[in-house]
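Residue-level structural notes
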Amino acid sequence: MYSPSDFPPFAVTVDLVVLTVRSDALCALLVRRGEAPYRGRWALPGGFVQVDESVDAAAVRELAEETGVSGLHLEQLGTYGEPRRDPRMRVVSVAYLALAPDLPVPVAGTDAAAASWVPVSEVGALAFDHARILADGVERARAKLEYTPLGTAFCSAEFTVAELRRVYEIVWGVSLDPRNFHRKVTGVEGLLVPTGGSTSRDGGRPAALYRRGDAVVLYPPLVRASGA
């Protein structure tokens, strides 16, 4: 039989991958650590789960305390528990993901020295194993655009297919063939609803305007592929 004394103490933390599209780039919300370990290094927002709170509540609290960002829908991304991922003690972290438009400029708080939106393509070395967690979050976000209408949330109320395609190109990090993309998105039932209007804001010939339909799941999905 095992007893509690047979196990070393360990802690539970939460880490948050928060992504948005800003200045034509997929950006991650990062904080600069103000305390050891990794003082001065960029990291994902997060912290220790308190004794009297759930991991979900801790994620919401830490995000607000460290960055001033609140009101996001957070979904669990994964659990990270390599024995030496934190030099202080054995720490298991529950990671969360949020991908949303129109997110505010973050304001550093608690033990964060700074908070900023950083283009994913420009993120350097991160504290702990946060580079792995961020990579997993980006991949999950990219997959969500394959099978949900999330991409339309980054467009205005009425948008062109070219504007929607640009969202997919930014998040997926690829260039997409305009004709193939147009054929695919207009072929997904419930994704786009024609408004009957058009615009020339994309340049060139007037382009049809659409609004988001009532689809919750995309069928067929928009599978990623180079030149799709």
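Preceding this paragraph is the structure being described.
About the cut-offs
- Residues numbered from 1 in each chain as written.
- Predicted model: local features only at pLDDT ≥ 70, side-chain atom pairs only at ≥ 80, totals over all residues.
- Heavy atoms only, no water.
- Salt bridge = Lys/Arg side-chain N within 4 Å of Asp/Glu carboxyl O.
- Helix = DSSP H or I, 4+ residues; strand = E, 2+ residues; numbered from the N terminus.
- Buried < 20%, exposed > 50% of the residue type's maximum accessible area, 1.4 Å probe, protein only.
- Pairing = 2+ DSSP bridges.

Take the pattern of salt bridges next. Per the counting criterion, the structure on display carries 14 salt bridges. Residue Arg224 pairs with Glu139 through a salt bridge whose shortest N-O separation is 2.7 Å. Here Arg224, found in the segment after strand E9 (207–212), pairs with Glu139, found in helix H2 (residues 130–147); they are 85 residues apart in sequence, far enough to count as distant. You can call Glu139 partly exposed: its relative accessible area is 38%. The partner of Glu163 in a salt bridge is Arg201, with the nearest N and O atoms 2.5 Å apart. Pair noted here: Glu163 is in helix H3 (residues 161–172) and Arg201 is in the loop between strand E8 (192–199) and E9, with a separation of 38 residues, a long-range link. We classify Glu163 as partly exposed; its relative accessible area is 21%.

Turning to the pairing of strand E2 (residues 25–33), a few remarks are in order. Regular strands place side chains that alternate from one sheet face to the opposite one. Across the nine residues of E2, eight count as buried, placing the element largely inside the fold. Hairpin connection of strand E1 (residues 10–22) to E2: two residues between the antiparallel strands, including Ser23 at a positive phi of 50°. With seven bridges joining them, E2 and strand E7 (residues 112–119) adopt antiparallel strand pairing. Directly across from Arg33, in E7, lies its bridge partner Ala112. Relative to strand E3 (residues 42–43), E2 runs antiparallel, the two being bridged by two bridges. Each residue of the ladder has a partner; that of Val31, found in E3, is Ala43.

That is the geometry; function is a separate question.
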